[in-house]
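Chains, contacts and geometry: an overview
Chain residues, written in single-letter form:
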Amino acid sequence: MTVSSCRRDEGSAAYLIYLGIQAWRAPVTTSPTETPSASSVQAERTGRLELFQRGFTVSISNPKNLLFFGALFPSFIDLGAPQLPQFAILSLTWLAIDLTTMSSYATMGSGIGRWFHSPRRVKLFNRTTGSLFIAAGGTLAASHR
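The rules we used
- Going along each chain's sequence as written, the residues are numbered from 1 onward.
- Whole-chain, interface and lining totals are the exception, using all residues; otherwise, since this is a predicted model, local features are given only for residues with pLDDT of at least 70 and side-chain atom pairs are given and counted only at 80 or more.
- Side-chain calculation: all heavy atoms of the structure are included, whereas hydrogens and water are not.
- In this analysis, rings of Phe, Tyr and Trp, with Trp reduced to its six-membered ring, are considered paired at centre separations within 6.5 Å, and the interplanar angle assigns stacked below 30 degrees, edge-to-face beyond 60, and tilted for intermediate values.
- Per the convention used, a helix needs a DSSP run of H or I reaching at least four residues, while a strand needs a run of E reaching at least two, with both numbered from the N terminus.
- With a 1.4 Å probe rolled over the protein chains alone, any residue whose accessible area is under 20% of its type maximum counts as buried; one over 50% counts as exposed, and the rest are partly exposed.
- Exposure above 30% relative accessible area and the lack of any salt bridge qualify a residue for a patch; like charges then connect within 9 Å, and the nonpolar side chains Val, Leu, Ile, Met, Phe, Trp and Tyr within 5 Å.
- Note on areas: Shrake-Rupley with a 1.4 Å probe; residue coverage comes only from the protein chains shown.
- Whenever Lys or Arg places a side-chain nitrogen within 4 Å of a carboxyl oxygen from Asp or Glu, that contact is recorded as a salt bridge.
- Definitions used throughout: a 1 Å grid over protein atoms alone; a cavity as a set of points that fits a 1.4 Å probe which cannot get out; a pocket as an open set with protein on both sides within 12 Å along at least five of seven lines; a lining residue as one with an atom within 4 Å of a point.
- Grid points are joined across faces, edges and corners, and a volume is the space filled by probe spheres set on the points.
- Amino acids are sorted into nonpolar (Ala, Val, Leu, Ile, Met, Phe, Trp, Tyr, Cys and Pro), charged (Asp, Glu, Lys and Arg) and polar (every other residue, Gly among them).

**Some details on the packing of aromatic side chains**
The final tally for this structure, using the stated rule, is nine aromatic pairs. With a centroid separation of 5.3 Å and 85° between ring planes, the pair formed by F69 and W94 is classed as edge-to-face. Pair noted here: F69 is in helix 4 (residues 63-72) and W94 is in helix 5 (residues 83-115), with a separation of 25 residues, a long-range link. Assessed through its relative accessible area of 23%, F69 is described here as partly exposed. What makes W94 partly exposed here is its relative accessible area of 33%.

**Some points on a nonpolar patch on the surface**
A contiguous nonpolar patch, built from L49, F52, F56 and I60 and spanning about 470 Å² of accessible area, is present on the exposed surface. Here I60 shows up in helix 3 (residues 48-60).

**Here's the deal with the layout of surface pockets**
Volume-wise, the largest pocket comes out at about 780 Å³. Around the largest pocket, the lining comprises 16 residues; the ones closest to its centre are F56, S59, W94, L95 and D98. Of all the secondary-structure elements, those providing two or more residues to the lining of the largest pocket are helix 3, helix 4 and helix 5. Sorting elements by how many residues they give to the lining of the largest pocket places helix 5 first, with seven residues. In terms of residue class, the lining of the largest pocket is made up of ten nonpolar, five polar and one charged.

Structural data, given as structure tokens:
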């Protein structure tokens, strides 16, 4: 193992431990429903179509998405057959999978969000995630000695 990779791993371990300590020390804030933030008020004013357009623009311009689809789609395209229907089928399939996945995330997030209305639970979450980060950092540091 090279010196530079050891330093990078030690830096990564230290950063994970730092994040864990920050999570442990994080203040427990009140529930977002008790004091609406400026962003939540703005989101209520913003129309659904505008939110969709913003999300679409960010997604379509993401270079990782372009590289992913540029690598994925050619594997499934038959050059001897009309390509537009093939791209349409692949795109609609991906859209259905992505819509289902993102809807599931949103539904689960909404349910989990209600769990965090208790300051005690927020503190428990902060301590648990902080402990996991500290453990991961410690494990990473110990594995390179």
